[in-house]
Amino acid sequence: MKKFKDYKLETALELNRQDTLASYREKFIVSDEKVIYLDGNSLGRLPRATINHLDRVIQHEWGSRLIRSWNEGWYERSNRIGAKIAALIGAHPDEVILSDSTSVNLYKLAHAAIRHAAPRKKVVSDVFNFPSDLYVLQGIIEQLGNTHHLDLIPSRDNVVIHLEEVRKVIDKETALVSLSHVSFKSAFLYDMQKITRIAHNKGALILWDLSHSAGVVPIHLNQSDVDLAVGCTYKYLNGGPGAPAFLYVRKELQQKLFSPIWGWFGDQKPFDFRLQYQPAKSLKRFMAGTPPILSLTALEPSLDIIHDAGLSKIREKSIRQTEYMIFLIKELLEPQGFTLGTPLSHKVRGSHVSLRHPEAFRICQALIHPDGSEFIIIPDFREPDHIRLGLSPLYTSYSDIFYAIRILKDIVKEKKFEKFDSARQQVT
Ligand SMILES: Cc1ncc(COP(=O)(O)O)c(C=O)c1O
């Protein structure tokens, strides 16, 4: 780990001054400087440019042009914006489209892959995967008559997954390997190329969920020979709540796989209104119904900002920021009973840091509802004892990190969390 000078605010301010991406923070709405937002890994901030862009689309494209807009750009919008995402994840422009949610996209691609791999009966995932991904896989197995089974790669320490464990579970029976590139709790980052090769060596297809890596970790889908991928756009891609997710299918597979949802937007010629479905010859076959044009629109300005900043610079800053946060945690928080739930090596770490503490939930409440004039810190809580601190290099500063850790220390040292109760809200 890189060394930092000391644990003082002055060092954080010096790191801010050295930060070549610092000016990108102004491109986002920061309505209250007293709020330190460390949840860009759940819902990214609103880019300033999105407001005018969306306003123009609402007023002009919807308000004035009405239905004519379908032939003036709406029909191709999923593909056009998909191409901008393709450039961020190392894919060809015609290999990525936006549609539906991550869960629905995972359903479409996993279902298609499992059927394609018949008669293989095994589906592999891991204990770190996002529950929705596991539920979707369980649902597919049920719908296909319970003749398949799901095997989960274990973790020895709840922080990383070792390659030997992966090798043990993937075998010649495996139809599909479906994993999150960066795990939502520990931030463990898989070596995409190595795992893809292991799956391919056994003849299995691979499907990566890029929700916690897209926009913050450089990804090379083509170079890594990846078959399928999905990912959400409201985290580091700042597309806004419920923004449509993306899906990727490797070119050679596009005509061999079939969506389980035969919607009209996946048909070769939706506006022929034929009575019999014929899947589109392109990736469009994985679309189902009418795309949410306003939400698609909201995503575009953020993608332009990310392209402008450059993913390698974003990753460089993300590594430096997670290193800095871990440096502070080791000194200031571990003596207070916190443990680090995230890998120490940046080579296997995404852009959030997971802190564990038996009182994690009440500590999060104390961060969000501070006494008096202190900063409000917004992290998120993940059961049973994780405080997730997301670092979004385009707008998180080093002083945000400094204050968050110092305040965490005070909350525990002075037992400020004790006045909060443990009742969970609907969304944590
Ligand atoms: C890794 C991962 N996969 C899937 C999902 C579910 O996404 P959606 O709600 O778009 O289906 C999430 C949501 O946070 C996630 O973190």
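Residues numbered from 1 in each chain as written. Predicted model: local features only at pLDDT ≥ 70, side-chain atom pairs only at ≥ 80, totals over all residues. Heavy atoms only, no water.

J.: Would you mind showing me how to read the site of the ligand here?
T.: In the vicinity of the ligand, the contacting residues are Ser101, Thr102, Ser103, Phe130, Asp133, Ser180, Asp209, Ser211, His212, Tyr234 and Lys235. One of the backbone N or O atoms of Thr102 is found 3.1 Å from an oxygen atom in the ligand. In the model, an oxygen atom of the ligand is placed 3.2 Å from a nitrogen or oxygen of the Tyr234 side chain. Burial of the ligand by the protein chains amounts to 84% of its free accessible area of 400 Å². Residue composition of the shell around the ligand, by class: two nonpolar, six polar and three charged. (Near = heavy atom within 4 Å. Polar contact = N/O pair within 3.5 Å; in protein donor to acceptor, adjacent residues only side chain to side chain. Areas by Shrake-Rupley, 256 points an atom, 1.4 Å probe, with all protein chains shown as cover. Nonpolar A, V, L, I, M, F, W, Y, C, P; charged D, E, K, R; others polar.)

J.: Teacher, can you tell me more about the packing of aromatic side chains here?
T.: Two descriptors summarise a pair of aromatic rings, namely the distance from one centre to the other and the angle between the planes of the rings. Under the criterion given, the structure shown has 22 aromatic pairs. With centroids separated by 5.8 Å and ring planes inclined at 50 degrees, the aromatic side chains of Tyr75 and Phe265 adopt a geometry described as tilted. Pair noted here: Tyr75 is in the loop between α2 (48-64) and α3 (77-88) and Phe265 is in the loop between β8 (246-249) and α8 (293-309), with a separation of 190 residues, a long-range link. One aromatic cluster is present, formed by Trp70, Trp74, Tyr75, Trp264, Phe265, Phe271 and Phe273 through successive ring pairs. Positioned above the aromatic ring of Phe375 is the side chain of Lys34, whose terminal nitrogen or guanidinium carbon lies 4.7 Å from the ring centre. The lysine or arginine in question, Arg424, covers the ring of Phe361, its NZ or CZ lying 4.3 Å from the ring centre. (Phe/Tyr/Trp six-rings, centres within 6.5 Å; stacked < 30°, edge-to-face > 60°. Helix = DSSP H or I, 4+ residues; strand = E, 2+ residues; numbered from the N terminus. Lys NZ or Arg CZ within 6 Å of the ring centre and 35° of its normal.)

J.: In this structure, what is going on with the environment of Ile206? I would like to understand it.
T.: As for its placement among the helices and strands, Ile206 is situated in strand β6 (residues 205-209). Classification of Ile206 as buried rests on a relative accessible area of 0%. Sequence separation of Ile206 and Gly390 is 184 residues, and the distance between their C-alpha atoms is 27 Å. Excluding its chain neighbours within four sequence positions, the residues that come into contact with Ile206 are Leu176, Val177, Ile195, Thr196, Ala199, His200, Val226, Asp227 and Leu228. (Buried < 20%, exposed > 50% of the residue type's maximum accessible area, 1.4 Å probe, protein only. Contact = heavy atoms within 4.5 Å.)

J.: What am I meant to see in the pairing of strand β10 (residues 352-356) here?
T.: Along a regular strand, successive side chains alternate from one face of the sheet to the other. Taken across its five residues, β10 has four buried, putting it largely inside the fold. Sheet analysis places strand β9 (residues 339-340) next to β10, joined by two bridges and oriented antiparallel. Bridging across to β10, Leu340 finds its partner in Leu355. (Pairing = 2+ DSSP bridges.)

J.: What exactly am I supposed to notice about the sheet that holds β10 here?
T.: Remark on secondary structure: sheet strands pair via backbone hydrogen bonds, oriented parallel or antiparallel. One open sheet accounts for four strands, arranged β9-β10-β13-β12; its pairing is antiparallel. At either end of the open sheet lies a strand with only one pairing partner, and these are β9 and β12 (380-382). Relative to strand β13 (residues 386-390), β12 runs antiparallel, the two being bridged by three bridges. Residue Asp380 lies in a different strand from β13, and its bridge partner there is Arg388. Strands in contact with helix α9 (residues 311-333) are β9, β10 and β13; relative to β10, the strand with the most contacts, it is inclined by about 15 degrees. (Axes fitted to C-alpha atoms, helices over the stretch in contact; angles between N-to-C directions.)

J.: What should I look at first to understand the pattern of salt bridges in this one?
T.: For the structure shown, the criterion picks out 33 salt bridges. Across the pair Asp267 and Arg274 runs a salt bridge whose closest N-O atoms are separated by 2.9 Å. With relative accessibility at 9%, the residue Asp267 sits in the buried group. With a shortest N-O distance of 3.2 Å, Glu374 and Lys416 are connected by a salt bridge. (Salt bridge = Lys/Arg side-chain N within 4 Å of Asp/Glu carboxyl O.)

J.: Got a minute to help me understand the confidence of the model for the chain in this structure?
T.: Interpretation of the predicted coordinates at a detailed level should be avoided for regions scoring low in pLDDT. This prediction gives the chain a mean pLDDT of 97; 99% of its residues lie at or above 70. Considering each helix and strand of the chain separately, the mean pLDDT is smallest for β12, with a value of 93, and largest for strand β7 (residues 228-231), with 99. (pLDDT = per-residue confidence, 0-100.)

J.: I keep staring at the nonpolar core and nothing clicks. Help me out?
T.: The tendency in soluble globular proteins is for nonpolar side chains to be buried side by side. In this structure, Ile89, Trp208, Leu210 and Leu221 are the most contacted members of the largest nonpolar core, which totals 59 residues. The dominant element in this core, judged by the number of residues it contributes, is α8, at seven residues. Excluding anything up to four places from it in sequence, Leu210 contacts Ile89, His181, Met192, Ile219, Leu221, Ala229, Val230, Gly231 and Phe246. The next biggest cluster of nonpolar side chains, apart from the first, holds 41 residues, and it includes Met325, Leu328, Phe338 and Phe381. (Core = buried A, V, L, I, M, F, W, Y, C linked by side-chain atoms within 4.5 Å.)

J.: Would you mind going over the pairing of β7 with me for this structure?
T.: Burial along β7 is two-sided: Leu228 and Val230 facing one way and Ala229 and Gly231 facing the other are all buried. Inspection of the sheet shows β7 paired to β8 by four bridges, in the antiparallel sense. In the strand pairing of β8, Ala229 is matched with Tyr248.

J.: Which parts of the structure should I look at to understand the packing of α3 against α8?
T.: When two helices pack together, you describe them by how their axes are tilted relative to each other and by the distance separating the axes. Interaxial distance between α3 and α8 falls to 10 Å at its minimum, and their mutual angle equals 30 degrees. Comparing their axes, α8 and α3 come out roughly parallel. Two packed elements cross with a definite hand, and for α3 against α8 that hand is left-handed. On α8, the residues touching Arg77, Ser78, Arg80, Ile81, Lys84, Ile85, Ala87 and Leu88 of α3 are Ile293, Leu296, Thr297, Leu299, Glu300, Leu303, Asp304, Ile306 and His307. (Parallel < 35°, antiparallel > 145°, perpendicular 65-115°, else oblique. Left-handed = near helix turned anticlockwise from the far one by under 90°.)

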